[in-house]
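Close look at the chain arrangement
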Amino acid sequence: MENTKDLTEHSSRSERKRRDSFGMFDGYDSCSEDTSSSSSSDESEEEVAPLPSSLPIIKNNGQVYTYPDGKSGMATCEMCGMVGVRDAFYSKTKRFCSVSCSRSYSSNSKKASILARLQGKPPTKKAKVLQKQPLVAKLAAYAQYQATVQNQSKTKTASVPVEGFNWGNYINSNSLTAAPVNCFKHAPMGTCWGDISEGVRVEVPNTDCSLPTKVFWIAGIVKLAGYNALLRYEGFENDSSLDFWCNICGSDIHPVGWCATSGKPLVPPRTIHHKYTNWKAFLVKRLTGAKTLPPDFSQKVSESMQYPFKPSMRVEVVDKTHLCRTRVAVVDSVIGGRLRLVYEESEDKTDDFWCHMYSPLIHPIGWSRSIGHRFKRSDIAKKQDSHFDAPPHLFAKVKEVESSGEWFKEGMKLEAIDPLNLSAICVATIRKVLADGYLMIGIDGSEAADGSDWFCYHATSPSIFPVGFCEINMIELTPPRGYAKLPFKWFDYLREMGSVAAPVKLFNKEVPNHGFHVAMKLEAVDLMEPRLVCVATITRIIHRLLRIHFDGWEDEYDQWVDCESPDLYPVGWCQLTGYQLQPPASQSSRDSQSSSSKQKKKSKSQQYKGHKKISSLQLKEELLDGEEYSFLQGASDQESNGSASHYIKQEP
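Here we summarise the structure given alongside this text. Counting starts from 1 at the beginning of each chain's written sequence and moves along it residue by residue. Where totals are concerned, whole chains, interfaces and linings use all residues; where local detail is concerned, this predicted model gives features only for residues with pLDDT of at least 70, and gives and counts side-chain atom pairs only at 80 or more. With hydrogens and water stripped out, all remaining heavy atoms of the structure feed into the side-chain values.

Turning our eyes to something else, we now look at the overall build of the chain. The numbering of helices and of strands both runs from the N terminus, where a helix is a DSSP run of H or I of at least 4 residues and a strand a run of E of at least 2. If you tally the helices and strands in the chain, you get 15 helices and 28 strands. Burial statistics for the chain: of 652 residues in total, 56% are counted as buried. Restricting the contact set of the chain to residue pairs at least 6 apart, pairs at least 24 apart contribute 68%. All accessible areas in this document rest on Shrake-Rupley with a 1.4 Å probe, and a residue is counted as covered only by the protein chains that are shown. For the chain, the accessible surface area stands at approximately 28,800 Å², while carbon and sulfur atoms represent 51% of it. Categorising residues by exposure relies on relative accessible area from a 1.4 Å probe, with only protein chains included: less than 20% of the type maximum marks a residue as buried, more than 50% marks it as exposed, and the intermediate range marks it as partly exposed. Pairs of residues are marked as contacts when any of their non-hydrogen atoms sit within 4.5 Å.

Here the bond from Leu486 into Pro487 is cis, since omega is 0 degrees, no more than 30 degrees from zero. Look at Lys349: it is not a glycine, yet its phi comes out positive at around 60 degrees.

Moving on: the packing of aromatic side chains. Pairs were defined over the aromatic rings of Phe, Tyr and Trp, the Trp ring being its six-membered one, requiring ring centres within 6.5 Å. Orientation was assigned from the angle between planes: stacked under 30 degrees, edge-to-face over 60, tilted for the rest. One pass over the full model with this rule turns up 28 aromatic pairs. With a centroid separation of 5.6 Å and an interplanar angle of 40 degrees, the aromatic rings of Trp573 and Tyr579 are classed as tilted. Neither residue differs from the other here; Trp573 and Tyr579 are each classed as buried. Members of the aromatic cluster, joined through ring pairs, are Trp217, Tyr276, Trp279 and Phe282. Throughout this description, the term charge over a ring refers to an Arg CZ or Lys NZ atom that lies within 6 Å of the ring centre and within 35 degrees of the ring normal. Positioned over the ring face of Tyr343 is Arg327, at 4.0 Å from the centre of the ring.

Quick look at the environment of Glu316 now. Inspection of the secondary structure assignment puts Glu316 in strand β9 (residues 313–319). Look at Glu316 and you get buried, because its relative accessible area is 3%. In this structure the C-alpha to C-alpha distance between Glu316 and Asp389, which are 73 residues apart in sequence, comes to 9.6 Å. Once you skip the residues sitting within four places of it in the chain, Glu316 turns out to touch Thr326, Arg327, Leu361, Ile362, His363, Pro364, Ile365, Gly366, Trp367, Ser368 and Phe375. Of note is the side chain of Glu316, whose polar atom sits 2.7 Å from the backbone nitrogen of Gly366. Polar contacts here mean pairs of N or O atoms no more than 3.5 Å apart (in protein, one a potential hydrogen donor and the other a potential acceptor; neighbouring residues in sequence count only if both atoms are side-chain atoms). Among the polar contacts listed, one links the side chain of Glu316 to the side chain of Ser368, at a separation of 2.7 Å.

So, on to the side chain of Glu203. Secondary-structure assignment places Glu203 in strand β5 (residues 201–205). When charges are counted, Lys and Arg contribute as positive and Asp and Glu as negative, whereas His and the chain ends are disregarded. Take a side-chain nitrogen of Lys or Arg and a carboxyl oxygen of Asp or Glu: if they are within 4 Å of each other, that pair is a salt bridge. Buried and without a salt bridge, Glu203 has Lys264 as its closest oppositely charged side chain, separated by 11 Å. Engagement of the side chain of Glu203 in a polar contact is seen with the backbone nitrogen of Gly257, the distance being 2.8 Å. Once you skip the residues sitting within four places of it in the chain, Glu203 turns out to touch Trp217, Ile218, Asp252, Ile253, His254, Pro255, Val256, Gly257, Trp258, Cys259 and Leu266.

Looking now at the sheet that holds strand β8 (residues 244–247). In spatial order, the strands read β5-β6-β7-β8; together these four strands make up an open sheet with antiparallel pairing. Across the chains shown, the open sheet's two edge strands, defined by having one partner strand only, are β5 and β8. Direction aside, neighbouring strands of the sheet carry axes that sit 50 degrees apart on average. Here a strand pair is declared whenever DSSP counts at least two bridges between the two strands. When strand β6 (residues 216–225) meets strand β7 (residues 228–233), the two strands line up antiparallel, connected through six bridges. Its bridge partner lying in β7, Lys223 is registered against Leu230. The axes are straight lines fitted to the C-alpha atoms, using for helices just the contacting stretch, and the angles between their N-to-C directions are given from 0 to 180°.

Structural data, given as structure tokens:
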């Protein structure tokens, strides 16, 4: 194949807008000659690209692919891009398909390799040694490709934009920073986000084009905000005029090389198409050594959004009207791992409760009996045949504890997050010690005589703290209601009450390297109205304890939440999963004057204030109905906020 072509002939072909093997329209690719310095004489630009045998990346370091049958053993040559059986590859590292590729890689041919991958060309003569098993390799790779396409089509409808609110504009206008995805292990891609960062290249739709068909171009990540990325088309250099935000997990975001394997055209944006005469050479230069998404990125996104809980499953969940007991509820729907649970006795399905599938508030059927926790029995006659018990292995596991030695005892004092007012850490008392490390806790000065407002935390819960935690960490401790001797002093209070503090060594003192920082943005559940996910900010960090502020709302609505709470999500989570995001209150009142939005704001205020101590006192005056049963031991992991606990205080 000649290395140069007659410009007149090229111009004639341009008018016909023929696509070359690079996937670009000749009308925009003003110089389509092969710039590879090591192209094979057997190769031709007119060759038809083979079946999509892989989704190549710029740097794969001999990456081993895993195909749908679960068997590992395929590899991609780093020089020529040939996919084959790994055991047939050359050298111990299995990075190259032949001695020739290994030597060529070490010489001066990296650009040629990159160009070959972008063009989607078949392997050169150097890779013929692998032709013994081409069918197996291609069938496996093609099966993976088909599975990826199917997964993408399933998730195309998941994106739900929030009318009137745009994370990109919000972050840009205020120069904000978002918490990275790998801080949220329970969220999609939280454990396999990898090194996606600024500078990573992707193939995205080209919106700066007047062609009638959908075309693509390469863009680089300028800024990351959770799942959202600010992208800039290659060739714009420092020009940010066409920068745009998108969800990196969206169905239109692909690794570099996807267009070549999928037969999609790469077309430079109209604004800059005149800047270069040889777009191939430009891309080869810019992409040499660059990083892109893994070839199976979209497949991993799809897999990470598969949830084991299904509608009609029965669980035990905290009774939202009486925190001291649990009830049976049925999974009605699952969105992004969040469950809408309908209490089994609700005939019209309006009596519901929202929580994440890893919430400490839900348990398998029979949990209350095994622990001894109070339980409101449902009318068995109402159980529907279509409902079935959720398997126990689906629920979040708590750490095993050794309670045979020194352990928590009834009457011991501690500090705890109030589940009815999550902005407050209060003086509290252990009211009952239950099995398997569970404790029933009561807030001093606000308890009902019958214990109907006790709530359950596990001994390892990050929502309970040793005496003195707030003082050491300069957090305001809420004293017992009606306690007159202020400022509150633990020493005096313990002496007056004839009580002792729970030993410091019994509390959970683990502080993970969570990666959160003050002022980071995220999406957080309003745990006082758990169906709502809101725009939020981290305003304070105490070891593993995070202070979550809901943007646009007063500080009194802040909530203390644990860094590993399943009720915190990266920016862009709502859009990715199809959940409705609640914008900042100030923007909501500015942009939407409808009565419905006003009602939402009103209901949120009522929800918070109604769940504070005035409402809790009213709850205490209510007696539990006759259907409630108390088993022998009693407790329920009611970390109602997935909240927090950190303390470095050492035992005296």
